[in-house]
Amino acid sequence: MADDDEKTSSGVSRREFLKISGIAAAVPLVAPQMVEAAGEKVPVYGPGKAPMSFTINGKRYSAQLEPRVTLLDALRDQFDLTGSKRVCDRAECGACTVLLNNKPVYACTVLAIEAQHQPITTIESLSQGGKLHPIQAAFVQHDAQQCGFCTPGFVMACKSFLDQHPHATEEQIRYHLNGNLCRCGTYKGIREVIAQMSGTKGA
Amino acid sequence: MAEYKWPAPAERTLIGKRISRVDGAVKVSGHAKYSYDYNPKGLLFGKVLRCPHAHARVTSIDTSAAEKMAGIKAVQIVQKPGTEVLWQGDDIVAVAAVDEPTAEDAIRAIQVKYEVLPHNVSDAEPPAGAGEGPAGPMTEDDLENALGNQVPDAQVISDLQKRGVTFQVTDDMTKELKGYGVSDAVINALKAAAYHPEAASQPRSPYQKMAAQTQGDPDKGFASAEVTSEGVYGAPVITHCCLETHGSAAEWPSSDHLLVHCSTQGVSGLPDQYAQALKIPAGNVRAHQDHIGGGFGSKFSPDRWGIATAQLSKSAGGKPVKYMLERDSELMTAGARPSAYARVKVAAKGDGTLVAWQSDSWGTGGPAGAGSPPLPYVFEIPNQRKQHTAVRTNQGPARAWRAPNHPQAAVITMCALDDLAHKLNMDPVEFFAKNLDMTGPRAPIYKEELPLAAELMGWKQKWHPRGDKSEGPIKRGVGLSMHTWGGRGHASNCLLSIHPDGSVDIKMGSQDLGTGTRTAILIVAADSLGIPMNAITLNIGDTMYPPDGGSGGSTTIGGVSSSTRRAALMALDQLFAKVAPALKAQPADLEARDGTVRVKSEPSRSLSWKQACAKLGAMPLSVTGKNPGPGNLINSGVGGVGMADVSVDTETGIVKVNKMVAVQDCGLVINLKTAESQCYGALIMGISYALYEEKVLDPVTGRMLNPNMEFYRLAGLRDIPELMVHMMTDPLNENRGVIGLGEPPVISPGAAISNAVANAIGVRVPFLPLTPDRVLAALEQQQKAGA
C-alpha cells in the first residue's frame, strides 16, 4: 500500500497532488509542465491537453487529452473502441464496464489520466479472430440480448464475475450482476448464460 | 404463378423454429455500430443549451462569447427570442465543437434570458366542473375532439355557429377533413364560422373535457345490477429511457445533399421530415442506421435537436456533427407515456355477468393533453358511460410508448374488474371466464389461454380470497389481467436478387429494433428458397434500399415477413422458368429444397442451387415483393393473458414479484426464440413500470426530480423472478398468418401485479408504481377503515 500512496496511477504522487492543488490557479495553459512548489519540481497536467498513454487490450495507445476526459470518452472518441457505451454517465447502469487491472470499473466515472499505466481490457478484446469467447457464445445461444446496447457491458461484467466466482450461487448472481441495467428486458437470458457457464441451476 | 401462402407445417425448415439471432455475434463482441458509435475523421461534437424552466418565454440570447471560443465551429439558435417554451429541457441553442468538453464550455458561455411564466405539472384529479363552463371559440383541438368522438353533426354545426374558431380555415384543411369522411354540412359551417384569432393566445383552462360517450342504457344497467364496485385506479407518466439516447450524426457531402446516421424506428420515413425542415428535396437526404439502442415508440422523428444537428453541420461547412442527448435531456424531453387515471363504477349480476360500466378518466400527455385510453378494456360491457378529461401540463411532450394507451387501460379496467370479483366473492379466473363472451372476436383464444395461464401459474393452489391470512408480515397473492392488440403488418418492399453465381441478396429499408427483424427476414427467405440463411446477404437500414414502414404498432414482422415471402416466391417462379428445360420438367413441377432445385415428384432429378442459378445467364434476376400484396399472409388482432404472483412485506411496503406468466397468441410465429424473448422482455419491462417507474415533477419549480438512472429506477437482474411464457402455436392460430407481437405482452403486467398485491394485502393500492410508500398508505387507510 505504501507504494500506492507514493505513486498513483496518473503518475502524480499524493504529495505532489497536494502541492499542485494549492497552486493550480497560477498554472499556465500549456501542459504538461514542471513547476516549483514547496521547493520541489512537480509535473502539472491541465487544464489544457496533456500527453497520455494507455495499454488497452495489450496494445499501446497515446493521445493528447484534457485531464477532465473520462476513460470511456477516451476509448470511444480517441481510439474508436465504441463497444463500451455511455448510457447513464454516472456509474449507475454498467453499459461502459471495462476491466482496469482485471477489475470491472464503470469507465464513465474513471478519468483517463488515472487509467494510465494499468492494463485496460475492453469488450473488443474478448473475441479473437472472429471466434467468440464462450461467454459471448452463450449470450447468443440464450438470446441474452435484444437491442444490444447494454450487452457489451453485461458481457464484461459477466466475464469478471465468472472469473471470480466460477461456481456462483443464485444469490451471488443476483447481487453481483445487479450493477448493469437493461431496458429491453434480457435478464432471463443473462441468468441462463451464467447458469450454463458456472454449472449452476441459476435461471 | 406461385400461390402466395405460408409453407405447410411439415414443409417448414426454419419458420417457427428456435433460431439464434443473426446479429448476435456482432452485438456481443462490441462491434455492432449504433448511430451513437459513428465516428468519422474530423467529427464535431454537438451540445444543446436547454431551458431550465417548465414554462417561459425566451427574451434574449447572447452567443457572442461562445462564438469566439477556440474550437467552436458552429452555433445555431433553435428557438428564437419571443418563443414560448412549454417544458423544462426544451432546446434553445445548439453548438458544435472539436470535442465534447469544448462544446460544454461553449454552452456555459451562452447567456439566455427568460420571462418565467406560470406552470402546471400536476395531473391530479380535475376539480369538479373543470373544463366546463362557457366555452370560447373552438380551437383545432376542440374540433378534432368533437369529430373524433362522434359528436352529432348538428351539435358541431351549432357550436361552430355560436362559438366561432381560433384558427384560419384553409382549403387544405377542409380537403383533409373531407378525406376523413366529415360531412359537407360540417365543412360548410366550418368555412362560415367567425374567426377569432385573438382567442388563440388567451390563457386556457388546463382541462379539456371530451364529449361523454354512452352505449346501451347505463342507468338501467346499474339499476338492474346486484353488485356494484367503485374505485379509483391509474398509472403515472413514465419515460421510455432508451439506453441509446435520441440523436444523430449529420453531414453534407455537397451543399444540398444531407447524410444522417440517426437513431430511429423508421429509416425510410426520415428524408421527408428532414427535407421539410431544411428545404431540400427529400431525395437528397440519405439516412442510415445499422443498429438502434432501444426506441419503444419514442424514435420516429429527427426531432428539434436532429434538425439542429444538420444545421450545425451545414454551418460548419458540411463536416459531420454528432449530437446524442445526455441522459437527463433524454428523460426530460425525449419521450413520456401519458398518465391515465379514472374513477370507475362497474356492476354485475349476482352470478358475475357484467352489466354496466361508468368511468370518469383523466390524464396528461404534456402540452397537448392526452386522449382517453380504450375503456373499458377488452370487455365490451353492454351499458357504458364514459368521459375523459385531458389535462394540459408542462410535463414534456408525450410519445407513443410500447402499446400506446393499453397498459393504462388495462390497469384501470382489470383492477376495477378484480375489485368487483372480490365484492362478488368470486375467484377472478372464474369471474373473467364468465364474461369472456364480451371480448368480441378474440373470445375463443382467451377461452383457451385463461385456463392455460392459470395452470402455468398454479393459480388453484395459490389463489385465496382477498387478504393473505397467514401469520407474519409477508403476504402473498396472485393476480391476472388480459390484453389485446392489432399488429397488422405495415407497408414493406423486399428487393430480392438471385445472381448467376448462386448468391442471393436482399435490400430493404427496414430496421431491426433488437426484436430480431434481420433474423426473421432471413428465416423467411431461406425457408422459401431452400438454402441456408448464411447463403443470403441482407442489407437493411438505409434509404438507398426500397422503403419500409416504421417499426411501431407491432407492424414490422407482418410487413417484412410477407414482403419477403412474396419476393422469394416470385423469384422462384422466374428461376424455375429458366431451369425447367434443363430438368426436362414444367416450371410448376419444380421446388427449391435442401440447396437444390428439383422435380417435386422425383427429387433425384435435381440441380444444385448454384447450377440452377447458372441458368440465369449473364444477368441476375431481381424482384420486389410487396406488402400489401396477394395472398393472406398476415392478420390483425391478438389476445393474451398475464398473471403475477407477489409477496408484499407489510412492514416495509416492499413488493417482490415471485413469478410471472404470459400466454400469448400472435398467429404464425416466424422465430420462436426471439418471439419468446419479446414476451420475457415485456414481462420484465412490465415489472419495472409496475413497481418502480415514474417521471417525478416538482410542483414548485416544474422540473423533473429524477432525470437520471439512480432515481428513475429500472428493474435490475435481482428484481426478476421466475418467468413463464407460452406461445399459442396451434394450427388454428398459425392459419391466421403472421401478426405483430412486440407490444401486447407488455400490457398486462402492471394490472396483474396490482391485482396480486390487492390479493396479498387485502386492499387496493390505487396507482402504479406500487412503491413502498403507496403500499403502506393503502394499508394504513385499510386499518383506519377497519378501526
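Residues numbered from 1 in each chain as written. Chains lettered and ligands numbered in written order. Predicted model: local features only at pLDDT ≥ 70, side-chain atom pairs only at ≥ 80, totals over all residues. Heavy atoms only, no water.

Colleague: How should I be thinking about the pattern of salt bridges in this particular structure?
Modeller: One side chain can pair with another of opposite charge once the charged atoms of both are near each other. Enumeration according to the criterion identifies 51 salt bridges over all chains in this entry. Two residues, Arg163 of chain B and Asp159 of chain B, come together in a salt bridge whose shortest N-O distance is 3.7 Å. Residue Arg163 of chain B and its partner Asp159 of chain B are located together in helix H5 (residues 153-163), separated by 4 residues, close to a single helical turn. Summarising the burial analysis for this pair, Arg163 of chain B and Asp159 of chain B share the class buried. The partner of Asp351 of chain B in a salt bridge is Lys434 of chain B, and the shortest N-O contact between them spans 3.6 Å. Of this pair, Asp351 of chain B sits in the loop between strand E16 (340-348) and strand E17 (354-364) while Lys434 of chain B is found in helix H14 (residues 428-434), placing the two residues 83 residues apart along the sequence. Taken together, the shared-partner salt bridges connect Asp73, Arg86 and Asp89 of chain A together with Lys47, Arg50, Asp91, Glu100, Glu104 and Glu326 of chain B into one network. (Salt bridge = Lys/Arg side-chain N within 4 Å of Asp/Glu carboxyl O. Helix = DSSP H or I, 4+ residues; strand = E, 2+ residues; numbered from the N terminus. Buried < 20%, exposed > 50% of the residue type's maximum accessible area, 1.4 Å probe, protein only.)

Colleague: Would you explain the packing of helix H10 (residues 270-278) of chain B against helix H11 (residues 303-315) of chain B in this entry?
Modeller: Any two packed helices are characterised by the angle at which their axes cross and by the distance between the axes. Residue and element names in this part refer to chain B. At a minimum axis separation of 11 Å, H10 and H11 run at an interaxial angle of 65 degrees. Our pair here, H10 against H11, has a crossing hand that is right-handed. For the pair formed by H10 and H11, the contact residues are Gln273, Tyr274, Ala277 and Leu278 on the first element and Gly306, Ile307, Ala310 and Gln311 on the second. Here the contact of H10 with H11 is composed, by residue class, of 5 nonpolar, 3 polar and no charged. (Axes fitted to C-alpha atoms, helices over the stretch in contact; angles between N-to-C directions. Left-handed = near helix turned anticlockwise from the far one by under 90°. Contact = heavy atoms within 4.5 Å. Nonpolar A, V, L, I, M, F, W, Y, C, P; charged D, E, K, R; others polar.)

Colleague: Would you explain the interface of chain A and chain B in this entry?
Modeller: Where the parts come together, the accessible area they lose is often given as the size of the interface. With 52 residues of chain A at the interface, the matching set in chain B holds 58 residues. Interface area, chain A with chain B, both sides summed: about 4600 Å², of which 51% is carbon and sulfur. It is Gln146, Phe149 and Arg183 of chain A in chain A that bury the most area against chain B; as a group they hold 18% of the surface buried on that side. Linking chain A to chain B there are 9 salt bridges. The shortest N-O distance in the salt bridge between Arg86 of chain A and Glu100 of chain B comes to 2.7 Å. Between the two partners, chain A and chain B, sit 33 residue pairs in polar contact (both at pLDDT 80 or more). Those elements giving two or more residues to the side of chain A that touches chain B turn out to be helix H3 (71-78), helix H4 (134-141), helix H5 (151-164), helix H6 (170-176) and helix H7 (187-198) of chain A. (Buried area = accessible area lost by both parts, 1.4 Å probe. Polar contact = N/O pair within 3.5 Å; in protein donor to acceptor, adjacent residues only side chain to side chain.)

Colleague: Is there a simple way to think about the confidence of the model for chain A in this case?
Modeller: When pLDDT drops low, the exact placement of atoms in the prediction is not to be read closely. Residues and elements named next belong to chain A. Taken residue by residue, chain A gives an average pLDDT of 86. The fraction at 70 or more is 82%. The low-confidence segment residues 1-12, where pLDDT is below 50, has 19 contacts with residues more than four positions distant or belonging to other chains. Predicted confidence for residues 17-31 stays below pLDDT 50, and this span has 21 contacts to residues more than four positions away or in other chains. (pLDDT = per-residue confidence, 0-100.)

Colleague: Just checking my understanding: could you explain the sheet that holds strand E3 (residues 72-77) of chain B for this structure?
Modeller: Two orientations exist for strands paired in a sheet by backbone hydrogen bonds: parallel and antiparallel. Residues and elements named next belong to chain B. Spatially, E3-E5-E1-E14-E11-E12-E13 is the arrangement adopted by the 7 strands of the open sheet, whose pairing is mixed. Whereas interior strands pair on both sides, the edge strands pair on one side only; in this sheet they are E3 and strand E13 (285-288). Looking at each pair of strands side by side, their axes are set apart by 20 degrees on average, direction ignored. Where strand E12 (residues 257-262) meets E13, 4 bridges bridge the pair, whose relative direction is parallel. What sits directly across from Leu258, in E13, is Val285. (Pairing = 2+ DSSP bridges.)

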